[in-house]
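Results of the structural survey
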Amino acid sequence: MTDKRRRSFKCALHSRDGLVSSQNDFHIIFKQPPIFSRMVHVIANEFLTDERDRKYYADHYTCWPPPFFIITITLVELCFFTYYTLMTGEMNPSRPVPTDSIFIYRPDKRLQVWRFVFYMVLHAGWLHLLFNLLVQVLVGLPLEMVHGSFRIGIVYMAGVLAGSLGTSVFDTEVYLVGASGGVYALLAAHLANILLNFNNMEFGVIRLLGIFVIVSADVGFAVYDRHAAEMLDTSVGCHPVSYVAHLTGALAGLTIGLLVLKNFEQKLHEQLIWWIALGVYAACTIFAILFNICSPSYADP
């Protein structure tokens, strides 16, 4: 059947509706989908691998309940940064670090266990904050729309906790601020999804290269900032800030992401990966907790 005949047949079908009187009017029955629907289709194509899952998600997603976790965390971190910027009266790309805050992780304050989590609300400068907020919104928000707030919250907070525990073990003399542990957990969870479904993802190689470039640049800056601070006078507040949280947060994202994110097409070998991921995260977490409890320098000075 030719295209002309197809159009004539469709025109005849819709002529009773009064919308089409000729083939030249046939285009009016097509409506541009709203912006929200187009956004949902883009997210489905970017973060889901199976065509049936993409279609089902795009047809049924209603944004209820809304993706509140990433939005809430982002606003909280922005408010804390604004507060400490106004209190100190300065704003630089990588300074100042609010070392006197009750939220910052400090090696001499490990008895105050809330510091292992709440350090995430502080940031060392606007560049640190900007990177974290951009990744949270561009990667975390679509992931939350696909997998739900509860699952993404677990991945994010597991990365935050892994960041502080890893720093307490491998970089024992530094302070820790920022949500990089949670941010890298989100990046690693997305990376795990790409690796497991590489053959089904569109532009898989480009995505891998893009994540690699972004992560390399940020980790490189963090390493430089960590060791450059050692050359400065700590009396002016230039305490070294750890970059280990980036790496351990990413490890948490790879493992916890495999555990809690929706697996739309689980295979037998992926069930084995699930148990391996559970064992790795549990073993590392238990070891880090025991290390902090048994460390000779555990008590506050």
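Preceding block: the structure.
Residues numbered from 1 in each chain as written. Predicted model: local features only at pLDDT ≥ 70, side-chain atom pairs only at ≥ 80, totals over all residues. Heavy atoms only, no water.

1. Things to note about the nonpolar core
One finds Y57, M120, I152, V155, Y156 and I256 to be the most contacted residues of the largest nonpolar core, which totals 57 residues. Elements that contribute at least two residues to this core include exactly α2 (35-47), α3 (51-60), α4 (68-88), α6 (126-147), α7 (149-170), α8 (180-196), α10 (244-260) and α11 (268-294). Here this core gets eight residues from one element, more than from any other, and that element is α7. Setting aside residues no more than four positions away along its own chain, Y57 makes contact with V40, I43, A44, L48, M145 and V146. (Core = buried A, V, L, I, M, F, W, Y, C linked by side-chain atoms within 4.5 Å. Buried < 20%, exposed > 50% of the residue type's maximum accessible area, 1.4 Å probe, protein only. Helix = DSSP H or I, 4+ residues; strand = E, 2+ residues; numbered from the N terminus. Contact = heavy atoms within 4.5 Å.)

2. Comments concerning empty space enclosed by the protein
Counted by the stated rule, this structure contains one cavity of 30 Å³ or more. Computed from the structure, the largest cavity encloses a volume of approximately 130 Å³. Along the walls of the largest cavity sit 17 residues, with F81, Y84, T85, P96 and H123 positioned nearest its centre. Among the elements that line the lining of the largest cavity, the one with the most residues is α4, at five residues. Looking at the lining of the largest cavity residue by residue, the class counts come to 10 nonpolar, five polar and two charged. (1 Å grid on protein atoms, 1.4 Å probe; cavity = no way out; pocket = protein on both sides within 12 Å on 5 of 7 lines; lining within 4 Å. Points joined across faces, edges and corners; volume = space filled by probe spheres on them. Nonpolar A, V, L, I, M, F, W, Y, C, P; charged D, E, K, R; others polar.)

3. Considering the packing of α4 against α7
Viewed as axis vectors pointing N to C, α4 and α7 meet at an angle of 45°, and their least axial separation amounts to 8 Å. Considered as vectors, α4 and α7 are oriented oblique to each other. Within the contact between the two elements, α4 uses F68, F69, I70, I73 and E77 and α7 uses S149, I152, G153, Y156 and M157. Across the contact of α4 with α7, the residue classes tally to seven nonpolar, two polar and one charged. (Axes fitted to C-alpha atoms, helices over the stretch in contact; angles between N-to-C directions. Parallel < 35°, antiparallel > 145°, perpendicular 65-115°, else oblique.)

4. Thoughts on α2
For α2, spanning 13 residues, the distance from its first C-alpha to its last is 18 Å, which sits close to the expected 18 Å at 1.5 Å a residue. Taken together, the buried positions of α2 are V40, I43, A44 and F47. For α2, the buried positions fall inside an angular range of 100° around the axis, keeping them on one side. (Expected span 1.5 Å × (residues − 1). Arc of directions from axis to C-beta.)

5. Describing the packing of aromatic side chains
Think of a pair of aromatic rings as described by two things: how far the centres are apart, and how the planes are tilted against each other in angle. Using the criterion set out here, one finds eight aromatic pairs in the structure. Residues F80 and F103 carry aromatic rings whose centres are separated by 5.3 Å and whose planes lie at 90° to one another, so their mutual orientation is edge-to-face. Pair noted here: F80 is in helix α4 and F103 is in the loop between α4 and α5 (115-118), with a separation of 23 residues, a long-range link. Counting every residue linked through ring pairs, the aromatic cluster contains F80, F103 and F118. (Phe/Tyr/Trp six-rings, centres within 6.5 Å; stacked < 30°, edge-to-face > 60°.)

6. A few points about the packing of α2 against α6
One way to put it is that α2 packs onto α6 with a least axis distance of 10 Å and a crossing angle of 95°. In this view, α2 runs roughly perpendicular relative to α6, as classed from their interaxial angle. Taken together, the residues of α6 that come into contact with α2 (itself represented by M39, I43 and F47) are V139, P142, L143, M145 and V146. A per-class count over the contact of α2 with α6 returns eight nonpolar, no polar and no charged.

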